[in-house]
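A closer look at the structure
Okay, here's what each chain looks like letter by letter:
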Protein chains: 2
Amino acid sequence: MTDARQQLIAGIRARFGERAVITEAAEVEPWLTDWRGRYHGASPAILSPASTEEVAAMVAMAAELVVPLVPQGGNTSMVGGATPPADGSALLLSLRRMNRIRSIDAESNLAVAEAGVILANLHDAVADADRRFPLTLGSRGSCTIGGLTATNAGGTQVLRFGTMRALVAGVEAVLPDGSVHDGLGALKKDNRGYSIDQLLVGSEGTIGIITAVSLRLVPAITSRAVAWLGLGGPQAALDVLRMLELETNAIEGFEIVPGDSLSLVLEHIPGTRAPLGEEYPWHALVEATASSARDEPPAALLERLLAPALESGLIADAVIGASEAQAEAFWRIRDSISEAERASGPATQHDISVPVADMPRFMVEAEREVEAAFPGARASAFGHLGDGNVHFHVHAGSRAADDWYEREASAVTRFVDDLVAAAGGSISAEHGIGQTKKAELERLSPASRMFALRSIKHALDPHGLMNPGKLVD
Amino acid sequence: MTDARQQLIAGIRARFGERAVITEAAEVEPWLTDWRGRYHGASPAILSPASTEEVAAMVAMAAELVVPLVPQGGNTSMVGGATPPADGSALLLSLRRMNRIRSIDAESNLAVAEAGVILANLHDAVADADRRFPLTLGSRGSCTIGGLTATNAGGTQVLRFGTMRALVAGVEAVLPDGSVHDGLGALKKDNRGYSIDQLLVGSEGTIGIITAVSLRLVPAITSRAVAWLGLGGPQAALDVLRMLELETNAIEGFEIVPGDSLSLVLEHIPGTRAPLGEEYPWHALVEATASSARDEPPAALLERLLAPALESGLIADAVIGASEAQAEAFWRIRDSISEAERASGPATQHDISVPVADMPRFMVEAEREVEAAFPGARASAFGHLGDGNVHFHVHAGSRAADDWYEREASAVTRFVDDLVAAAGGSISAEHGIGQTKKAELERLSPASRMFALRSIKHALDPHGLMNPGKLVD
């Protein structure tokens, strides 16, 4: 290990005490691998600051000693975004001790949470104030506010309230020189030049370390209902969504599920059962909510709005789950697709987006083209149709072999990414770039995008000390 | 004039024809002074591209010849943001020929407008598609989409729909090297690194020239009602707003008007009359809208929600204007305040914001402190209370003299800006920095902000050729 890293560790220990640095190998080890187990990094220590001041001091010391830092929250990145380089050249900096909710202002509908606050804990805390933080995703029990902000996370409620970008009212962050940017004032109007807060959202720790975030809250939900629809195809699903959006703003979830995915879930996930009596090629899950007694009850709303679509044949069949148990059961099907697919053999997974209006065409054509290019493979797409974002999976199918993933995954990825680029879409809708998508970002971006990304990275982090090897060098 | 500028003019003429460059002094002249008449610039020509390709070529040619460019839309900047330097070193580049609305997609609620489209024309065009672009301001007949985006404009409907930042779904811009960033795809989810679109919003032409914008639309309004309230103070006004926001999301405007401002309007603006029978120290104008027959009629909604506040004494008196003529009459009072104030002598104007919850305290205390520091002067604040943004004016009062503005304006400005900074606010809520607020931005910003602004500017525009002398060098 170089002297600089040891010097930094000793310096931080001397200044902030034992708790501020973890060097015990057994305690460091679990945080060196991403949760999917694809990336294995090395780091002699985890820096563990307890306050913004400590983060600022550590970043300044690291800058002086030219030691790279890898910020980490819940370590739930899907793209290796929080795993340090394998050569041990960088130190991990964990925000997990900074787990205080600094304030909840129900009147202003704002909360300030430190970077290490776990999403589920924030949900609980604001619920006590009769408010809601309207973003959720599978890893809510582990992922942190800092990581969610640094990756502009999405999830299943984006349709109504947007991604983190729309929910972040302000950011506090330590910049690479150790100075603190304080945007927590959450001004509704502020035109003092480029938005540093918005620049930090989605920056993946590459130009600063987010230490706290001011978040927008919305009224708590008083009731919800979930409908399960049987449909002929993705265009019908989008037509239903458009019709609903014209009539109400109470729709919070709209997920599309192909018949094959439902079958896999029913086969592999115990306790699941088909919501509808017959089989349909496509399905949609629709969630509506109410947040006051004055709002139309969600089940009645869905029934009223879906009835004409059933009559006209746009929807083949529908069932509305008004009880919480039914709503949970429908969501469990949607949330179990990835797990069920894993049970059916290897697959590549692509988190992609295209313009919403183009998604039905894209889903159908891209599946066909992938299956033609890789005969025997099976493509399927499911997820957030209303956001123009699906999880596009390619299953090995009859091509399956022990080394299929190693042999074919990158060719499949390039093929899918080319289709996405041709449709004017994004090769990363939700998960970010991290390590996984760095080469593809470079391959498919026009010169203007790489120029802008590189210029910003180099300007703010000239020595490349912030989360090296992620997003852009 | 240096050879480089003449060479550029000749080169552009040769490549794009006579229409692409205006050199006739009489035609150039009107665009060399800002509309308030405070800044007088010089430029040998106005470049006048008709397409994104032409802008890109002109920027590339200018970069090669090292000629600075000043982009200009409707020339309605309040801070000298579109006026070229007085030494004639830069050329104006007008986007006004790029005035095409490229598309209106009512289903997707998106429109793509070129930078030179005038706001009022966009309003009319989307109305034909039964949609609305929910941002408006006084200069709507002159200001352009490019300028609105480059300055992150606000206005009187920000309360519900946000500033331009929230309404911009994507940006097309020519970067300083002449490459074109195309964000018009308007992906709802896109995590390919730093958001270049959001970076361009509010960048004041200093890191690229916006050529077209993808804009979010909302349903057209079917009816509106405007209430005029008599109130005891700003805190009561904010309490009313909070109460309304808990009950409905149909409130689109909430403007606070002090009694003195109303008196000035009644005195100086012909045809205005007091909405209420008695005089009150403070007033609020509240607008509610409906966009479908199913929505509660706005007049009934306001009546229902305001009644308890009248009963409890939170509101002293109220009148609801349900007819369009009454609504217009109430708004005319609000919109005439600046004009009426001009008739009553010189004043300094400060477009400032603080956290919403703190605005009532700030308004009262800042007025008192200014009047104590400048005896005889009179301070008043009015405007967008719900956004934490007021227009804070300091009238010369008994200090008035021919040279008052020249003598005292900057001392007053520094005093007000210090109060804003102490409250964690912004010295530019809506208008941007431009030339006017550049020194104050530098004086009051922490090192972290200036470091970030400068780093970004220098990285993307290393030769300082984009709108020189504005925002940051």
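This text gives an overview of the structure that appears in the document. (Residues numbered from 1 in each chain as written. Chains lettered and ligands numbered in written order. Predicted model: local features only at pLDDT ≥ 70, side-chain atom pairs only at ≥ 80, totals over all residues. Heavy atoms only, no water.)

A look at the nonpolar core
Taken as a class, soluble globular proteins show a tendency for nonpolar side chains to be buried jointly. Going by this rule: Among the buried residues, those of types Ala, Val, Leu, Ile, Met, Phe, Trp, Tyr and Cys that are joined through side-chain atoms within 4.5 Å form a nonpolar core. Burial classes: relative accessible area under 20% of the type maximum marks a residue as buried, over 50% as exposed, and values in between as partly exposed (1.4 Å probe, protein chains only). Should any heavy atoms of two residues lie within 4.5 Å, those residues are considered in contact.
Ranked by internal contacts, the top residues of the largest apolar core, which has 80 residues, are Phe133, Ile145 and Leu215 of chain A together with Phe133, Ile145 and Leu215 of chain B. Every residue in contact with Phe133 of chain B, bar those within four places of it in the chain, is listed here: Leu119, Leu122, His123, Val126, Met164, Leu167, Leu215, Arg216 and Leu217 of chain B.

Some details on the sheet that holds strand β6 (residues 110–114) of chain B
Think of a sheet as strands paired side by side through backbone hydrogen bonds, with each pair either parallel or antiparallel. All names here are of chain B. Spelled out, the test is: When DSSP locates at least two bridges between a pair of strands, those strands are taken to pair. For the purposes of this entry, the term helix denotes a DSSP run of H or I that reaches at least four residues, the term strand denotes a run of E that reaches at least two, and both are numbered from the N terminus. Angular values range over 0 to 180 degrees, each being the angle between N-to-C directions of two axes fitted as lines to C-alpha atoms, with helices fitted over their stretch in contact.
As summarised here, the arrangement of the five strands in space is β5-β6-β10-β8-β9, forming an open sheet in which the pairing is antiparallel. At either margin of the open sheet sits one strand with a lone partner, and together these are β5 (101–105) and β9 (180–182). Mean inter-strand twist for the sheet, computed between neighbouring axes without regard to direction, equals 15°. Across five bridges, the pairing between β6 and strand β10 (residues 209–216) is antiparallel. Looking at the pairing, Glu114 lines up with Ala212 of β10. Contacting β5, β6 and β10, helix α4 (residues 119–128) runs over the sheet at an angle of about 40° to β5.

Things to note about the interface of chain A and chain B
Keep this limit in mind: The term buried area refers to how much accessible surface (probe radius 1.4 Å) is lost by two components on association, counted for both of them together. Each salt bridge in this description consists of a side-chain nitrogen of Lys or Arg and a carboxyl oxygen of Asp or Glu lying within 4 Å of one another. As used in this structure description, the phrase polar contact means that two N or O atoms lie within 3.5 Å; if the pair is within protein, one of them must be able to donate a hydrogen and the other to accept it, and residues adjacent in sequence are counted only when both atoms belong to side chains.
Taken together, the contacts link 71 residues of chain A with 71 residues of chain B. Note on chain A versus chain B: buried area summed over both sides is about 5,900 Å², and carbon and sulfur give 56% of it. When the area that chain A buries against chain B is broken down by residue, the three leading residues are Lys189, Asn191 and Tyr194 of chain A, summing to 18%. Between the two partners, chain A and chain B, sit six salt bridges. Across the pair Glu430 of chain B and Lys189 of chain A runs a salt bridge, and its minimum N-O distance is 2.8 Å. Linking chain A with chain B are 34 residue pairs in polar contact (both at pLDDT 80 or more). Put simply, the parts of the chain that give the side of chain A that touches chain B at least two residues each are α6 (158–161), β9 (180–182), α8 (196–200), α9 (234–247) and α17 (447–460) of chain A. Here the element with the most residues in the side of chain A that touches chain B is α17 of chain A; it accounts for 10 residues.

Observations concerning the relation of the copies chain A and chain B
Rules: Copies are brought into register by a least-squares superposition over C-alpha atoms of residues with pLDDT of at least 70 in both.
Overlaying chain A on chain B yields an RMSD of 0.0 Å, the required transformation being a rotation through 180° with an accompanying axial translation of 0.0 Å. One copy is carried onto the other by what is essentially a two-fold rotation axis.

Regarding the sheet that holds strand β4 (residues 91–94) of chain A
All names here are of chain A. Strand order in this open sheet of four strands is β1-β2-β4-β3, and the pairing throughout is mixed. Sheet topology places β1 (21–22) and β3 (69–72) at the edges, where each strand pairs with a single neighbour. With two bridges joining them, β1 and strand β2 (residues 46–47) adopt antiparallel strand pairing. Across the sheet, residue Ile22 finds its bridge partner in β2, namely Ile46.

Concerning α9 of chain A
Residue and element names in this part refer to chain A. How we decide: Given the number of residues in a helix, its expected span is that number minus one, multiplied by 1.5 Å.
In this model α9 runs 20 Å from its N-terminal to its C-terminal C-alpha over 14 residues, within 8% of the 20 Å that 1.5 Å per residue would give. Restricting attention to buried positions, one finds in α9 the residues Pro234, Ala236, Ala237, Leu238, Val240, Leu241, Arg242 and Leu244. Taken together, the buried residues of α9 touch α6, β12 (223–231), β13 (251–258), β14 (282–290), α11 (298–312) and α14 (359–373).

In short, the description is geometric, and any link to function would need to be established separately.
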